[in-house]
Amino acid sequence: LEKIKITKEALSLITKAAKGGLRDAISFLDQIANFHADLIDVNEVQLILGFVDAAKVWELIFAISENDASKSLHLINKLVDDGGDVLQLGKMTVEILRQILLFKMSGISELESDNKEIDQIKKAANLISVPKILKAIDLFGSVEKEAKFSYRVIADHLRACAFLISDGVMPSNE
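Residues numbered from 1 in each chain as written. Predicted model: local features only at pLDDT ≥ 70, side-chain atom pairs only at ≥ 80, totals over all residues. Heavy atoms only, no water.

J.: Even after reading the chapter, I still don't get the overall build of the chain, so can you show me in this structure?
T.: If you tally the helices and strands in the chain, you get 8 helices and 0 strands. If you list the helices and strands of the chain from N to C, you get α-α-α-α-α-α-α-α. Each of the 174 residues in the chain was classed as buried or not, and the buried ones make up 29%. Surface exposure of the chain reaches about 11800 Å², of which carbon and sulfur atoms provide 57%. (Helix = DSSP H or I, 4+ residues; strand = E, 2+ residues; numbered from the N terminus. Buried < 20%, exposed > 50% of the residue type's maximum accessible area, 1.4 Å probe, protein only. Areas by Shrake-Rupley, 256 points an atom, 1.4 Å probe, with all protein chains shown as cover.)

J.: Would you mind showing me how to read the confidence of the model for the chain here?
T.: Any segment with low pLDDT has predicted coordinates that should not be analysed in fine detail. Here the chain shows a mean pLDDT of 81. Residues at 70 or above account for 86%. Confidence scores differ between elements of the chain, with helix α8 (residues 130-166) showing the lowest mean pLDDT of 78 and helix α4 (residues 54-65) the highest of 90. (pLDDT = per-residue confidence, 0-100.)

J.: Would you explain the packing of aromatic side chains in this entry?
T.: The geometry of an aromatic ring pair is captured by the separation of the ring centres together with the interplanar angle, meaning the angle of the planes. One pass over the structure, following the stated rule, counts 1 aromatic pair. Of note, Lys123 hangs over the ring of Phe62, and the distance from its end group to the ring centre comes to 4.9 Å. (Phe/Tyr/Trp six-rings, centres within 6.5 Å; stacked < 30°, edge-to-face > 60°. Lys NZ or Arg CZ within 6 Å of the ring centre and 35° of its normal.)

J.: Explain the side chain of Thr7 here, please?
T.: Among the structural elements, Thr7 can be located in the segment before α1 (8-18). Here Thr7 is in contact with Leu39, Ile40, Asp41 and Val42, once residues within four sequence places are set aside. (Contact = heavy atoms within 4.5 Å.)

J.: I keep staring at unusual backbone geometry and nothing clicks. Help me out?
T.: Phi is mostly negative for residues that are not glycine, and the peptide bonds are mostly trans. The residue Asn67 is not glycine, and still its phi comes out positive at about 55°. Along the chain, Asn67 turns up in the loop between α4 and α5 (69-81).

J.: Quick question: what am I supposed to make of the side chain of Ser65 here?
T.: Positionally, Ser65 belongs in helix α4. Since its relative accessible area comes to 10%, Ser65 is described here as buried. At a separation of 2.7 Å, a polar atom in the side chain of Ser65 contacts the main-chain carbonyl oxygen of Phe62. With sequence-adjacent residues up to four places away left out, Ser65 is seen in contact with Leu127, Ile128 and Lys132. (Polar contact = N/O pair within 3.5 Å; in protein donor to acceptor, adjacent residues only side chain to side chain.)

So this is what it looks like as structure tokens:
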């Protein structure tokens, strides 16, 4: 791991994904390094860890602020079709909306980011009302809860399949 070439942005994203856990960060870095021997940039990290492009999440937030349902759906479909993780999309959207709400309510941002992102927060804060932000946070936040339920349903189906197959039942159209 000590000879890996990696950009600061990629390291920042790995740190964010690890949520402060050193072992998780090392595991992510090892996982990414196994796929890319050359310079690792933010695109590789996003691809391997299933992150969604932050610029696309910002596009989604601005589409929501403009009440453009068609564009919002198109962006979500494109993000998912491009291999983005739906849970990550929900989490990233909630995080950005939370930052917008924080800025809107207090005038400050706790983001450790560049001026471009802070400018986007300011712009979005002028476009989206507090009730709309709260509703969006609630709806996008529910994605994780629903996904956990869906995973349980899928896991139950897999258990049933394993049980039936081990019991000698074979799939058939008859």
